[in-house]
Amino acid sequence: MGAVQELDRAREAYEGGAWERAHDLLARADEEARLAPDDLELLATAAYMLGRDDEHMRLLERAHRDHLGAGDELAAIRCAAWLSIFLT
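To start, this report covers the structure provided alongside it. (Residues numbered from 1 in each chain as written. Predicted model: local features only at pLDDT ≥ 70, side-chain atom pairs only at ≥ 80, totals over all residues. Heavy atoms only, no water.)

### A word on the environment of Leu-7
- By the secondary structure assignment, Leu-7 is in helix α1 (residues 3–15).
- With 77 residues separating them along the chain, Leu-7 and Ser-84 place their C-alpha atoms 28 Å apart.
- With residues up to four places along the chain from it excluded, the contact list for Leu-7 reads Leu-26, Ala-29, Leu-35 and Asp-39. (Helix = DSSP H or I, 4+ residues; strand = E, 2+ residues; numbered from the N terminus. Contact = heavy atoms within 4.5 Å.)

### Description of helix α4 (residues 53–69)
- Compared with the 24 Å implied by 1.5 Å per residue over 17 residues, the 24 Å span of α4 between its first and last C-alpha is a close match.
- If you check which residues of α4 are buried, you get Glu-55, His-56, Met-57, Leu-59, Leu-60, Arg-62, Ala-63, Asp-66 and His-67.
- For α4, the elements touching its buried residues are α2 (19–32), α3 (37–49) and α5 (73–87).
- Just beyond α4, the residue with positive phi is Gly-71, at close to 80 degrees. (Expected span 1.5 Å × (residues − 1). Buried < 20%, exposed > 50% of the residue type's maximum accessible area, 1.4 Å probe, protein only.)

### Overview of the packing of α1 against α3
- Two numbers describe how α1 lies on α3: the axes approach to 11 Å, and their chain directions differ by 45 degrees. The pairing of α1 with α3 is recorded here as oblique in orientation. Like other packed secondary-structure pairs, α1 and α3 cross with a definite hand, here left-handed. Residues Leu-7, Arg-11 and Tyr-14 of α1 form the contact with α3, whose own contacting residues are Asp-39, Leu-42, Thr-45 and Ala-46.
- Taken together, the residues of the contact of α1 with α3 sort by class into four nonpolar, one polar and two charged. (Axes fitted to C-alpha atoms, helices over the stretch in contact; angles between N-to-C directions. Parallel < 35°, antiparallel > 145°, perpendicular 65-115°, else oblique. Left-handed = near helix turned anticlockwise from the far one by under 90°. Nonpolar A, V, L, I, M, F, W, Y, C, P; charged D, E, K, R; others polar.)

### Focus on the pattern of salt bridges
- A complete count under the given rule lists eight salt bridges for this structure.
- We note a salt bridge from Asp-8 to Arg-11, for which the minimum N-O separation is 3.5 Å. Within this pair, Asp-8 and its partner Arg-11 are both found in helix α1, separated by three residues, close to a single helical turn.
- Relative accessible area serves as the criterion here: at 36%, Asp-8 is assigned to the partly exposed category. (Salt bridge = Lys/Arg side-chain N within 4 Å of Asp/Glu carboxyl O.)

### A short note on the nonpolar core
- By size, the foremost hydrophobic cluster in this structure holds 20 residues, and its most contacted members are Leu-7, Leu-26, Leu-35, Leu-40, Leu-43, Leu-59 and Leu-60.
- Taken together, the elements giving at least two residues each to this core come down to α1, α2, α3, α4 and α5.
- Examining the composition of this core, we find that five residues originate from one element, α3, more than from any other.
- If sequence neighbours within four positions are ignored, Leu-40 has contacts with Asp-30, Leu-35, Leu-59, Arg-62, Ala-63 and Asp-66. (Core = buried A, V, L, I, M, F, W, Y, C linked by side-chain atoms within 4.5 Å.)

### Observations regarding α3
- Look at α3: 18 Å from first C-alpha to last across 13 residues, which is about the 18 Å you get at 1.5 Å a residue.
- Listed in full, the buried residues belonging to α3 are Pro-37, Asp-39, Leu-40, Glu-41, Leu-42, Leu-43, Ala-44, Ala-46 and Ala-47.
- Following α3 by one or two positions, Gly-51 adopts a phi angle in the positive range, close to 80 degrees.

Here it is, written out as structure tokens:
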């Protein structure tokens, strides 16, 4: 199965609240080719829903940096806001 189909399956699992499956598929996709920042946010949320707090924070930080690098300041601010909430 191609990378695009794998990401589609991961996103469907995420939308359906299948956190373990979404996490596994997104993490595998990230290992194969660096995820886009929006998909990193999905992976971060799946990690959070599974109680993987340290991973959740690392992924949110990475998504923040990647959004900044892509010039998407609003998305970077959203990640920073979530980080600040979870750090307090």
